[in-house]
Amino acid sequence: MMKPQAPCRACFLRQADEASRRAGLDPAALRAELEIELDEAEANGASPPLTASRLHRRVRELSGNADPYRHAKQEATEHALALYPRLQRLIAESPNPLDTALRLAIAGNIIDL
């Protein structure tokens, strides 16, 4: 299992701040509590994905907001659906439709709120 490195801590806290803002909370007010959660995760040797999950769960608990990213995900979905007809044409007109479809799927998969 990979243990978080020092730069991970800053990234985890940045993610927690972003989630806090999206949940309608003041990130500065939560920082101490989230740092305690991060300290515990690191002390228990939690992997980076588990650590991030713990921090996001704590933000959801503190805010009462089950999905702080809901609005942003809805907007991204609406944008993707608006592009869909154009992307279908790109695939249909491509000399290698499978390759084009795979590349578009990879690009879509990179989107991570």
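It should be emphasised that the depicted structure is a prediction, and the values quoted were computed from it without experimental measurement.

### Details of the environment of A19
Following the sequence through the fold, A19 ends up in helix 1 (residues 6–22). For A19, a relative accessible area of 0% puts it in the buried group. A19 has contacts with H56, V59, P68 and Y69, leaving out every residue within four places of it along the chain.

### A look at the packing of helix 4 (residues 70–93) against helix 5 (residues 97–110)
Where helix 4 meets helix 5, the axes come as close as 7 Å, and the angle between the chain directions of the two elements is 145 degrees. Facing L87, L90 and I91 of helix 4, the residues of helix 5 in contact are P97, T100, A101 and L104. Classifying every residue of the contact of helix 4 with helix 5 by side-chain character gives six nonpolar, one polar and no charged.

### Things to note about the nonpolar core
Considering soluble globular proteins, one finds that nonpolar side chains tend to be buried as a cluster. Listed in full, the twelve residues of the largest apolar core are F12, L13, A16, A19, A23, L30, L34, L38, A52, L55, V59 and Y69. Among the secondary structure elements, those contributing two or more residues to this core are helix 1, helix 2 (27–43) and helix 3 (48–63). The element contributing the most residues to this core is helix 1, with four residues. Residues contacting A23, with those up to four places away along its chain left out, are V59, S63, N65 and P68.

What counts, and at which threshold
- Residues numbered from 1 in each chain as written.
- Predicted model: local features only at pLDDT ≥ 70, side-chain atom pairs only at ≥ 80, totals over all residues.
- Heavy atoms only, no water.
- Helix = DSSP H or I, 4+ residues; strand = E, 2+ residues; numbered from the N terminus.
- Buried < 20%, exposed > 50% of the residue type's maximum accessible area, 1.4 Å probe, protein only.
- Contact = heavy atoms within 4.5 Å.
- Axes fitted to C-alpha atoms, helices over the stretch in contact; angles between N-to-C directions.
- Nonpolar A, V, L, I, M, F, W, Y, C, P; charged D, E, K, R; others polar.
- Core = buried A, V, L, I, M, F, W, Y, C linked by side-chain atoms within 4.5 Å.

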